[in-house]
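Working through the structure, step by step
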Amino acid sequence: MPDAKLQAVARHWATLYYATGGIPRLRDIDALQLRLALADIWILDLHDDGMPRIRLAGETLADWFGRCLKGVPLDVIYNAETLPVVQGMVQQVSGTPAILLQHARSLPTNRSFTVPFHRLALPLRNDNDAIGHVLGVSVFSSRDGHGHGAERTSIEREWIYPLAMAAAERTTTERTAAMVA
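Fair warning: this is a prediction, and the values are worked out from it, not measured in the lab. (Residues numbered from 1 in each chain as written. Predicted model: local features only at pLDDT ≥ 70, side-chain atom pairs only at ≥ 80, totals over all residues. Heavy atoms only, no water.)

Details of helix α1 (residues 4–19)
Between its first and last C-alpha, α1 extends 22 Å over 16 residues, near the 22 Å set by a 1.5 Å rise per residue. Taken together, the buried positions of α1 are L6, Q7, A8, V9, A10, H12, W13, A14, L16 and Y17. Structurally, the start of α1 carries an N-cap: the backbone nitrogen of K5 is 2.8 Å from a side-chain oxygen of D3. A positive backbone phi angle near 80° is found at G21, which sits one or two residues after α1. (Helix = DSSP H or I, 4+ residues; strand = E, 2+ residues; numbered from the N terminus. Expected span 1.5 Å × (residues − 1). Buried < 20%, exposed > 50% of the residue type's maximum accessible area, 1.4 Å probe, protein only. Polar contact = N/O pair within 3.5 Å; in protein donor to acceptor, adjacent residues only side chain to side chain.)

Rendered as structure tokens:
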């Protein structure tokens, strides 16, 4: 890797980070700036009940799970083994807050081998200035297993960049881009 889709999302978010003076709002995201990655992008809405719901899932995830995911809570599409991995990612990004990059493998329910993928997740604020969303992009190395979802997901490598560190430096754009390079 580097992957141009991950880089496009990271650069757009980091540019907005400085233009807006902090974590961008959902409404700041410009789909035209992300056209290269639109099929692979997803946005989660965070809810008081602790279970994020999918606001938007590009064609790649809809194809991976074999259905439209709009409005679906994460516990409906992930099994008991995979759900804690995904919830952990959401908590790292929204709770810290932080930029998160993962190199992972997913075992599709219809295959006996894993499919490698990369996932970038970034916090977004809602209109009340609270972190209310997670913007992400997942890039799979293969279409094997699409249509059935994941039996298990394992994280091989993970990078977490707490945004409190960014307040002390003006290199978040470069650092964010470098994480996915």
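Following the structure, the description resumes.
Here's the deal with the environment of F117
Along the polypeptide, F117 turns up in strand β4 (residues 115–125). Distance in space between the C-alpha atoms of F117 and T153 is 10.0 Å, their sequence separation being 36 residues.

Some words on the packing of aromatic side chains
Under the counting rule described, the total for this entry stands at five aromatic pairs. Where Y17 meets Y18, the ring centres are 5.2 Å apart and the plane angle is 90°; that geometry is what we call edge-to-face. Ring centres of F65 and Y78 lie 5.5 Å apart, and the angle between their planes is 90°; on these two criteria the pair is classed as edge-to-face. Taken together, the residues F65 in helix α2 (residues 59–65) and Y78 in the loop between α3 (74–77) and α4 (83–95) connect sequence positions 13 residues apart. Take F65 and Y78: they sit in the same class, and that class is buried. (Phe/Tyr/Trp six-rings, centres within 6.5 Å; stacked < 30°, edge-to-face > 60°.)

These values are about where atoms sit, not about what they do.
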